[in-house]
Each structure stands twice: as C-alpha cells, then as structure tokens.
Amino acid sequence: MNRLAVRDRVVLFLLVSLWVGTAGAYLRDAQNDRLQVLPFRLTPAASPDDYPTVWRLLTDAKAPGVRAGDTLLALDGFDLRGATDRISILTRAAPPL
C-alpha cells in the first residue's frame, strides 16, 4: 500500500504543479493584455490560397460589421491566407513576446 500511496502523491504533485503553472501563465497574460480571444468562430481555409470564413458569432460578441459567412482577410494587420486552424490564426495575430 505504501508504494501506491507514494505513486498517488507523485501524480497529485505533478498535476497540481501543471495546474498552477497553467493558471499562472493565464494570469500573467491577462495582466499584460495578451489574451487572444476572437469574438467569433471560424471555418478554416480550404486551401493555402483561401481565407478562413466566419462560421458564427459568439453570443456576447462585440465585432461590429462582422456577420456569419464573412471572409476574414486579416487580423490585426496580419494576412490570414491559408490559415487552417484557430491556433495558426491566433499565433499570426499574437503580439511578440
């Protein structure tokens, strides 16, 4: 039983450490206004030459002039041609570290 208890403690320690690190990174980014939240959901670009399209707006979205079906050409001045997923879209628009 002691071996299982030690393993449980190690796993618990690792999980709590991971959670604390993630929460700390989130709070740091929130404090520095680095959180990237899009007020809409996108359909990825179908090919490297296409642009993503707005799939739907979030319920509390504040994106004036944006409607479902719109093509998103750029985000904060960064070209979104060929952006195939949310991560690639956010990393293109993320401010430098």
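Residues numbered from 1 in each chain as written. Predicted model: local features only at pLDDT ≥ 70, side-chain atom pairs only at ≥ 80, totals over all residues. Heavy atoms only, no water.

Quick look at the overall build of the protein
- A count of helices and strands for the protein gives two helices and four strands.
- Listing each helix as α and each strand as β along the protein from the N terminus yields α-β-β-β-β-α.
- For the protein, the proportion of its 97 residues judged to be buried stands at 18%.
- Within the protein, counting contacts between residues at least 6 apart in sequence, those at least 24 apart form 38% of the total.
- Summed over its atoms, the accessible surface of the protein is roughly 7,600 Å², and 61% of this surface lies on carbon and sulfur atoms. (Helix = DSSP H or I, 4+ residues; strand = E, 2+ residues; numbered from the N terminus. Buried < 20%, exposed > 50% of the residue type's maximum accessible area, 1.4 Å probe, protein only. Contact = heavy atoms within 4.5 Å. Areas by Shrake-Rupley, 256 points an atom, 1.4 Å probe, with all protein chains shown as cover.)

Topic: the pattern of salt bridges
- If you walk through the whole model with that rule in mind, you get two salt bridges.
- Linking Arg81 and Asp79 is a salt bridge whose minimum nitrogen-to-oxygen distance equals 3.9 Å.
- Classification of Arg81 by relative accessible area gives partly exposed; the value is 40%.
- Take Asp79: its relative accessible area is 43%, and that puts it in the partly exposed class. (Salt bridge = Lys/Arg side-chain N within 4 Å of Asp/Glu carboxyl O.)

Quick notes on the nonpolar core
- Leu38, Phe40, Leu42, Val54, Leu72, Leu75, Leu80, Ala83, Ile89 and Leu90 together form the largest nonpolar core, which totals 10 residues.
- Mapped by element, the contributors of at least two residues to this core are β1 (40-43) and α2 (86-93). (Core = buried A, V, L, I, M, F, W, Y, C linked by side-chain atoms within 4.5 Å.)

A closer look at a nonpolar patch on the surface
- On the surface, a nonpolar cluster with roughly 400 Å² of combined accessible area is contributed by Val6, Val10, Phe13 and Leu14.
- Inspection of the secondary structure assignment puts Val10 in helix α1 (residues 2-31).
- Given a relative accessible area of 44%, Val10 falls into the partly exposed group. (Patch = residues over 30% accessible without salt bridge, like charges linked within 9 Å, V, L, I, M, F, W, Y side chains within 5 Å.)

Remarks on the environment of Thr53
- Relative to the elements of secondary structure, Thr53 occurs in strand β2 (residues 53-57).
- For Thr53 and Thr43, which are 10 residues apart along the polypeptide, the C-alpha to C-alpha distance reads 5.2 Å.
- The contacts of Thr53, once residues within four sequence positions are left out, are Arg41, Leu42, Thr43, Asp70, Thr71 and Leu72.

Digging into the pairing of β1
- Residues Phe40 and Leu42 point to one face of β1 and are all buried, whereas Arg41 and Thr43, pointing to the other face, are not buried.
- By the bridge criterion, four bridges tie β1 to β2 in an arrangement that is antiparallel. Note that in β2 the partner of Phe40 across the bridge is Leu57. (Pairing = 2+ DSSP bridges.)

Some points on the confidence of the model for the protein
- With 81% of its residues at a pLDDT of at least 70, the protein reaches an overall mean of 81.
- Within the protein, α1 carries the highest mean pLDDT (89), whereas α2 carries the lowest (69). (pLDDT = per-residue confidence, 0-100.)

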